[in-house]
Amino acid sequence: MDPENQDRIKSLVDEHGADDLVVVLGAADLEALEVAAETVTLGDPAYVGPLAGVQLGLPVVHILEEDVRQQVDPSIYDEQVGLLEMTLDVDQIKRAAATFPGRDGA
Amino acid sequence: MKLDGKKVIALGERDGVPGPAIAECVRSAGAEPVFVETECFV
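Anyway, here's the lowdown on the structure attached to this text. (Residues numbered from 1 in each chain as written. Chains lettered and ligands numbered in written order. Predicted model: local features only at pLDDT ≥ 70, side-chain atom pairs only at ≥ 80, totals over all residues.)

Quick notes on the interface of chain B and chain A
Listed as interface residues are 27 residues of chain B and, on the opposing side, 31 residues of chain A. Residue assignment for the side of chain B that touches chain A shows that the elements contributing at least two residues are β1 (7-13), α1 (19-28) and β2 (32-39) of chain B. Across the side of chain B that touches chain A, the residue classes break down as 16 nonpolar, 4 polar and 7 charged. Examined bridge by bridge, strand β1 (residues 21-25) of chain A and β1(B) share 5 bridges and lie parallel to one another. When the bridges of β1(B) are listed, A:Leu21 appears paired with B:Lys7. (Contact = placed C-beta atoms within 7 Å. Helix = DSSP H or I, 4+ residues; strand = E, 2+ residues; numbered from the N terminus. Nonpolar A, V, L, I, M, F, W, Y, C, P; charged D, E, K, R; others polar. Pairing = 2+ DSSP bridges.)

Re the pairing of β2(B)
Pairing analysis gives 7 bridges linking β1(B) to β2(B), with the strands arranged parallel. Directly across from B:Leu11, in β2(B), lies its bridge partner B:Glu37.

Structural notes on the nonpolar core
When a protein is soluble and globular, its nonpolar side chains tend to lie buried together. If you look at the biggest cluster of nonpolar residues, it comprises 41 residues, and the most contacted ones within it are A:Val24, A:Leu25 and B:Val26. Put simply, the parts of the chain that give this core at least two residues each are α1 (3-16), β1, α2 (30-39), β2 (60-62), α4 (74-87) and α5 (90-97) of chain A together with β1 and α1 of chain B. Once residues lying within four places of it in the same chain are set aside, the contact partners of B:Val26 are A:Val24, B:Leu3, B:Val8, B:Ala10, B:Ala31 and B:Pro33. (Core = buried A, V, L, I, M, F, W, Y, C linked by C-beta atoms within 7 Å. Buried ≥ 20, exposed ≤ 12 C-beta atoms within 10 Å, placed from the backbone.)

Observations regarding the sheet that holds β2(B)
Strand pairing in a sheet is mediated by backbone hydrogen bonds. Such pairs are either parallel or antiparallel. With respect to topology, 4 strands assemble into an open sheet ordered β2(A)-β1(A)-β1(B)-β2(B), the strand pairing being parallel. Edge positions in the open sheet fall to β2 of chain A together with β2 of chain B, since each of these has one partner strand only. Between one strand axis and the next, the sheet turns through 20° on average, direction left out of account. Sheet topology places β1(A) next to β2(A); 3 bridges connect them, and they run parallel. Note that in β2(A) the partner of A:Val24 across the bridge is A:Val61. Strands in contact with α1(A) are β1 of chain A together with β1 and β2 of chain B; relative to β2(B), the strand with the most contacts, it is inclined by about 170°. In this fold α2(A) packs onto β1 and β2 of chain A together with β1 of chain B, with an angle of close to 170° to the strand it touches most, β1(A). (Axes fitted to C-alpha atoms, helices over the stretch in contact; angles between N-to-C directions.)

Structure below.
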(Lines give C-alpha, C1' and ligand atoms only; values in the text may rest on other atoms or scores of the structure.)
Protein backbone atom coordinates (compact mmCIF):
# COMPACT_ATOMS: atom_id res chain seq x y z
CA MET A 1 0.00 0.00 0.00
CA ASP A 2 1.11 3.53 -0.84
CA PRO A 3 3.17 4.97 2.09
CA GLU A 4 1.12 8.19 1.94
CA ASN A 5 -2.09 6.24 2.50
CA GLN A 6 -0.47 4.32 5.34
CA ASP A 7 0.43 7.62 6.94
CA ARG A 8 -3.14 8.92 6.59
CA ILE A 9 -4.56 5.75 8.11
CA LYS A 10 -2.10 5.89 11.00
CA SER A 11 -3.12 9.51 11.65
CA LEU A 12 -6.83 8.58 11.57
CA VAL A 13 -6.26 5.88 14.17
CA ASP A 14 -4.36 8.37 16.34
CA GLU A 15 -7.23 10.87 15.92
CA HIS A 16 -10.30 8.61 16.27
CA GLY A 17 -8.98 5.50 17.99
CA ALA A 18 -9.19 2.03 16.45
CA ASP A 19 -12.49 1.05 18.09
CA ASP A 20 -14.74 3.19 15.88
CA LEU A 21 -12.90 2.63 12.61
CA VAL A 22 -13.65 0.05 9.93
CA VAL A 23 -11.70 -0.43 6.71
CA VAL A 24 -13.89 -1.19 3.69
CA LEU A 25 -11.95 -2.47 0.68
CA GLY A 26 -13.04 -2.44 -2.95
CA ALA A 27 -10.12 -4.11 -4.71
CA ALA A 28 -10.72 -6.91 -7.19
CA ASP A 29 -7.08 -7.98 -7.34
CA LEU A 30 -6.56 -10.75 -4.78
CA GLU A 31 -2.96 -9.86 -4.05
CA ALA A 32 -3.90 -6.21 -3.54
CA LEU A 33 -6.66 -7.28 -1.16
CA GLU A 34 -4.31 -9.44 0.84
CA VAL A 35 -1.70 -6.68 1.12
CA ALA A 36 -4.25 -4.01 2.08
CA ALA A 37 -5.91 -6.21 4.70
CA GLU A 38 -2.58 -7.21 6.19
CA THR A 39 -1.29 -3.62 6.23
CA VAL A 40 -4.18 -2.29 8.36
CA THR A 41 -4.19 -5.26 10.75
CA LEU A 42 -0.70 -6.72 11.18
CA GLY A 43 1.42 -3.99 9.57
CA ASP A 44 2.99 -3.25 6.19
CA PRO A 45 4.19 -6.62 4.81
CA ALA A 46 6.73 -4.83 2.60
CA TYR A 47 8.24 -3.05 5.63
CA VAL A 48 8.60 0.23 3.74
CA GLY A 49 5.74 2.44 4.90
CA PRO A 50 4.80 4.11 8.21
CA LEU A 51 2.79 1.00 9.18
CA ALA A 52 5.82 -1.33 9.02
CA GLY A 53 5.76 -3.24 12.29
CA VAL A 54 2.62 -1.37 13.43
CA GLN A 55 -0.29 -3.68 14.30
CA LEU A 56 -3.36 -1.47 14.01
CA GLY A 57 -5.72 -4.45 14.22
CA LEU A 58 -8.49 -2.61 12.37
CA PRO A 59 -11.56 -4.58 11.28
CA VAL A 60 -11.52 -5.13 7.51
CA VAL A 61 -14.43 -5.95 5.24
CA HIS A 62 -15.00 -5.93 1.48
CA ILE A 63 -17.84 -3.94 -0.06
CA LEU A 64 -18.96 -7.04 -1.99
CA GLU A 65 -19.45 -9.18 1.13
CA GLU A 66 -23.04 -10.15 1.85
CA ASP A 67 -22.92 -8.83 5.41
CA VAL A 68 -21.88 -5.39 4.13
CA ARG A 69 -24.33 -5.36 1.23
CA GLN A 70 -27.26 -6.04 3.54
CA GLN A 71 -26.54 -2.85 5.48
CA VAL A 72 -26.46 -0.61 2.41
CA ASP A 73 -29.53 1.02 0.84
CA PRO A 74 -30.32 -1.38 -2.05
CA SER A 75 -30.87 1.39 -4.61
CA ILE A 76 -27.54 3.02 -3.74
CA TYR A 77 -25.78 -0.35 -3.82
CA ASP A 78 -27.20 -1.06 -7.25
CA GLU A 79 -26.26 2.38 -8.51
CA GLN A 80 -22.69 2.35 -7.14
CA VAL A 81 -21.71 -1.32 -7.27
CA GLY A 82 -24.31 -3.14 -9.38
CA LEU A 83 -22.65 -2.82 -12.78
CA LEU A 84 -19.16 -3.44 -11.41
CA GLU A 85 -20.39 -6.52 -9.60
CA MET A 86 -21.29 -8.12 -12.91
CA THR A 87 -17.75 -7.69 -14.23
CA LEU A 88 -15.90 -8.93 -11.12
CA ASP A 89 -15.34 -12.43 -9.77
CA VAL A 90 -17.44 -11.85 -6.67
CA ASP A 91 -17.14 -15.40 -5.31
CA GLN A 92 -13.37 -15.30 -5.49
CA ILE A 93 -13.31 -11.92 -3.71
CA LYS A 94 -15.68 -13.19 -1.00
CA ARG A 95 -13.46 -16.23 -0.43
CA ALA A 96 -10.42 -13.96 -0.12
CA ALA A 97 -12.28 -11.67 2.30
CA ALA A 98 -13.11 -14.64 4.52
CA THR A 99 -9.38 -15.12 5.15
CA PHE A 100 -8.62 -11.50 6.11
CA PRO A 101 -6.59 -11.32 9.35
CA GLY A 102 -8.85 -11.37 12.39
CA ARG A 103 -11.56 -13.47 10.72
CA ASP A 104 -12.70 -16.72 12.26
CA GLY A 105 -12.40 -18.37 8.88
CA ALA A 106 -8.74 -17.44 8.54
CA MET B 1 -19.41 -6.11 11.14
CA LYS B 2 -21.95 -3.40 11.89
CA LEU B 3 -21.25 -0.21 9.95
CA ASP B 4 -23.84 2.05 11.57
CA GLY B 5 -22.10 4.74 13.64
CA LYS B 6 -18.62 3.69 12.50
CA LYS B 7 -15.99 5.80 10.79
CA VAL B 8 -14.96 4.19 7.54
CA ILE B 9 -11.67 4.13 5.70
CA ALA B 10 -12.82 3.44 2.13
CA LEU B 11 -9.95 1.95 0.13
CA GLY B 12 -11.19 1.32 -3.37
CA GLU B 13 -9.37 0.16 -6.46
CA ARG B 14 -9.45 1.49 -9.98
CA ASP B 15 -10.09 -1.97 -11.44
CA GLY B 16 -12.50 -2.98 -8.69
CA VAL B 17 -14.90 -0.79 -6.73
CA PRO B 18 -13.62 2.82 -6.47
CA GLY B 19 -13.38 4.66 -3.15
CA PRO B 20 -16.23 7.15 -3.78
CA ALA B 21 -18.64 4.28 -4.60
CA ILE B 22 -17.72 2.58 -1.31
CA ALA B 23 -18.21 5.90 0.51
CA GLU B 24 -21.73 6.35 -0.92
CA CYS B 25 -22.66 2.82 0.11
CA VAL B 26 -21.39 3.01 3.68
CA ARG B 27 -22.97 6.45 4.17
CA SER B 28 -26.35 4.88 3.43
CA ALA B 29 -25.54 2.24 6.06
CA GLY B 30 -25.11 4.95 8.71
CA ALA B 31 -21.32 5.13 8.66
CA GLU B 32 -19.15 8.19 8.18
CA PRO B 33 -16.40 7.94 5.54
CA VAL B 34 -13.31 9.66 7.00
CA PHE B 35 -10.84 8.68 4.28
CA VAL B 36 -11.70 7.84 0.69
CA GLU B 37 -9.04 6.61 -1.71
CA THR B 38 -8.91 4.75 -5.00
CA GLU B 39 -5.68 2.87 -5.43
CA CYS B 40 -4.19 1.65 -8.66
CA PHE B 41 -2.13 -1.51 -8.57
CA VAL B 42 -1.14 -1.70 -12.23
